[in-house]
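Examination of the molecular architecture
Here's the letter readout for the chains.
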Amino acid sequence: MTLETNSVADIVSEGGDRAPSEAAESETEQLLPNTNIVTHCIYKNDPHRLVKCFEDDTDPYKEEIAELLNTRDDDGKSPLDLAACLGRLELTKELLARGADITFCNPKGYSCLHYAAAWGRLAVLKVQIENNGNLQQLNTHNERPKEVAQRYHQEACVDFLDWAEAKAMLQDTIRLAQESILDTDKAVAGRITKEEKNISLNLCKEKQEWLDNSSEATTQDFISQRLTLNEIIDPILQRLSEPPPAKDANARPRSRSKSKSRPTSSSTRPQSGARPKSGKSIGGPVFNPQKGKKKGK
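Residues numbered from 1 in each chain as written. Predicted model: local features only at pLDDT ≥ 70, side-chain atom pairs only at ≥ 80, totals over all residues. Heavy atoms only, no water.

Overview of the overall build of the protein chain
Spelled out, the test is: Secondary structure is summarised from DSSP: a helix means a run of H or I of at least four residues, a strand means a run of E of at least two, and numbering begins at the N terminus for each. Buried means the residue's accessible area, taken with a 1.4 Å probe over protein chains only, is under 20% of the maximum for its type, while exposed means over 50%, and partly exposed covers the values in between. The contact rule is simple, with two residues in contact once any of their heavy atoms fall within 4.5 Å.
The secondary structure content of the protein chain amounts to 13 helices and zero strands. Listing each helix as α and each strand as β along the protein chain from the N terminus yields α-α-α-α-α-α-α-α-α-α-α-α-α. Taking all 297 residues of the protein chain together, the buried fraction comes to 34%. In the protein chain, of all internal contacts separated by at least 6 residues, the share reaching a separation of at least 24 is 66%.

Encoded structure:
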């Protein structure tokens, strides 16, 4: 993981991490070889000069400074990568505050977190994590920042990344549980009782409050809190995620409404020979079996 060219290495070794002098700048500012104003400030460890570029309207670099925050140098490193390698804590904070992209990776998948982990820059690594640096970013060697720290035997960085990952996993568990319960579709909401829902949400709230107020928590503390939460939440989430029961393919479909047969014209017409209420026959003579019989016999 090559960092400096010979010329820049000499400058860094001469200047070290000491603060820049307060001497007046020359009329024509000379940048270090193969640098722009941002990388120049990083090599010189001069956060004040970087701030001046943003806040002084007469500064010659004011118009271009924002665009240079994510510009890579000839070695493919971004300003955040370079600040991580050199352990420039204040400059890392300033770059992030001014809009440098913490998620910016080079074509090989290295982020500024990989560089901080490789060089053992623990203070810089902590600032990167506080600004939502991606713990799970993989490089082309399938390494996260933690594996890079292990490869270069940076044990303090390994321990911190374990701690940060355990904390992030607890936070993700709380968030996913809350979203799953609160955003449940009405079709599956009835699978859990109101009491189960309240217990789950109250537990998530309790864990979130613990997380927000436990500045001295250890890696194992985060793991224990997450396991306790999962023990109660997982069975409930499992029920909510189950697919609906399959319908019986052999079941006969139920008719939604009974169809009423429309009467035909013949049903409303009196039958031939039928006797209406008046007693008169319609449509021809009707046989009367009593006709022709003598009374009294």
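Regarding unusual backbone geometry
Even without being glycine, N45 reaches a positive phi, approximately 55°. Note that N45 resides in the loop between α2 (37-43) and α3 (47-55). Classification of N45 by relative accessible area gives buried; the value is 14%. Of note, the phi angle at H153 is positive, near 60°, even though the residue is not glycine. You can see H153 is positioned in the loop between α9 (145-151) and α10 (155-182). Judged by its relative accessible area of 62%, H153 is exposed.

A closer look at the packing of α10 against helix α12 (residues 194-212)
Two quantities define a packed helix pair, namely the angle between the axes and the distance from one axis to the other. Put simply, the rule reads: Angular values range over 0 to 180 degrees, each being the angle between N-to-C directions of two axes fitted as lines to C-alpha atoms, with helices fitted over their stretch in contact. If an angle is under 35 degrees, it is roughly parallel; if it is over 145, roughly antiparallel; if it lies from 65 to 115, roughly perpendicular; otherwise it is oblique. Definitions for this section: a left-handed crossing has its near helix turned counterclockwise from the far helix by less than a right angle. A right-handed crossing has that turn clockwise.
At a minimum axis separation of 10 Å, α10 and α12 run at an interaxial angle of 150°. What the angle tells us is that α10 and α12 run roughly antiparallel. Every pair of crossing elements has a handedness; the one defined by α10 and α12 is left-handed. Where α10 approaches α12, its residues K167, L170, Q171, I174, A177, Q178, I181 and L182 are matched on the opposing element by K197, S200, L201, C204, K205, K207, Q208, W210 and L211.

Thoughts on α10
Here is the rule we go by: Given the number of residues in a helix, its expected span is that number minus one, multiplied by 1.5 Å.
A rise of 1.5 Å per residue sets the reference length of α10, with its 28 residues, at 40 Å; its end C-alpha atoms lie 41 Å apart and thus fit the reference within 8%. Within α10 the residues assigned to the buried category are C157, V158, F160, L161, A164, E165, A166, L170, T173, I174, A177 and I181. Buried residues in α10 make contact with α7 (112-119), α8 (122-130), α9, α12 and α13 (219-241).

A look at the nonpolar core
As a reminder of what qualifies: Within this scheme, the nonpolar core is defined by two criteria: the residues are buried Ala, Val, Leu, Ile, Met, Phe, Trp, Tyr or Cys, and they are joined through side-chain atoms within 4.5 Å.
Ranked by internal contacts, the top residues of the largest apolar core, which has 41 residues, are I37, V38, I42, L50, L95 and L161. For this core, the secondary-structure elements that each account for two or more residues are α2, α3, α4 (65-68), α5 (79-86), α6 (89-98), α7, α8 and α10. At six residues, the largest contribution of residues to this core is made by α5. Residues in contact with V38, not counting those within four places in the same chain, are L50, I65, L68, P79 and L95. In this structure, L170, C204, A217 and F222 belong to the second largest nonpolar core, which totals eleven residues.

As for the packing of α7 against α8
Between α7 and α8, the least distance of the axes is 9 Å, while the angle of their chain directions is 155°. By the criterion of interaxial angle, the relationship of α7 to α8 is roughly antiparallel. The handedness of the crossing between α7 and α8 is left-handed. Here α7 contributes C112, L113, A116 and A117 to the contact with α8, which in turn contributes V124, L125, Q128 and I129.

Digging into the packing of aromatic side chains
Keep this limit in mind: Aromatic pairing here means that ring centres of Phe, Tyr or Trp (its six-membered ring) are within 6.5 Å. Orientation follows from the plane angle: under 30 degrees is stacked, over 60 is edge-to-face, and everything else is tilted.
Here the structure, examined in full by the defined rule, presents four aromatic pairs. With a centroid separation of 5.8 Å and an interplanar angle of 25°, the aromatic rings of F160 and W163 are classed as stacked. A residue pair is termed a helical-turn pair when its members lie 3 or 4 positions apart in one helix, as F160 and W163 do in helix α10 at three residues. The class of F160 is buried, set by a relative accessible area of 12%. With a centroid separation of 5.6 Å and 65° between ring planes, the pair formed by W163 and F222 is classed as edge-to-face. Residue W163 is found in helix α10, and its partner F222 is found in helix α13; the two are separated by 59 residues along the sequence.

Details of the environment of P79
Tracing the sequence through the fold places P79 in helix α5. By relative accessible area, P79 is classed as buried at 1%. It is 7.9 Å that separates the C-alpha atoms of P79 and L95, two residues lying 16 residues apart in sequence. The contacts of P79, once residues within four sequence positions are left out, are V38, I42, L68, L69, N70, T71 and L95.

Brief notes about the pattern of salt bridges
To be explicit about the condition: By salt bridge we mean one thing: a side-chain nitrogen of Lys or Arg within 4 Å of a carboxyl oxygen of Asp or Glu.
Applying the stated rule across the entire model yields 16 salt bridges. Between D57 and K62 there is a salt bridge, with its nearest N and O atoms 3.6 Å apart. Salt bridges sharing common partners tie together E29, R49, K52, D56 and D59.

A closer look at α13
Structurally, the α-helix is built with 3.6 residues per turn, so residues lying three or four positions apart point the same way. We apply this condition: What the bend at a residue measures is the angle between two axes, fitted to the seven residues ending there and to the seven starting there.
By the largest-angle criterion, I233 marks the main kink of α13, which is about 40°, and a proline, P235, follows within four residues. Those residues of α13 lying buried are F222, Q225, R226, L229, N230, I233, I236 and L240.

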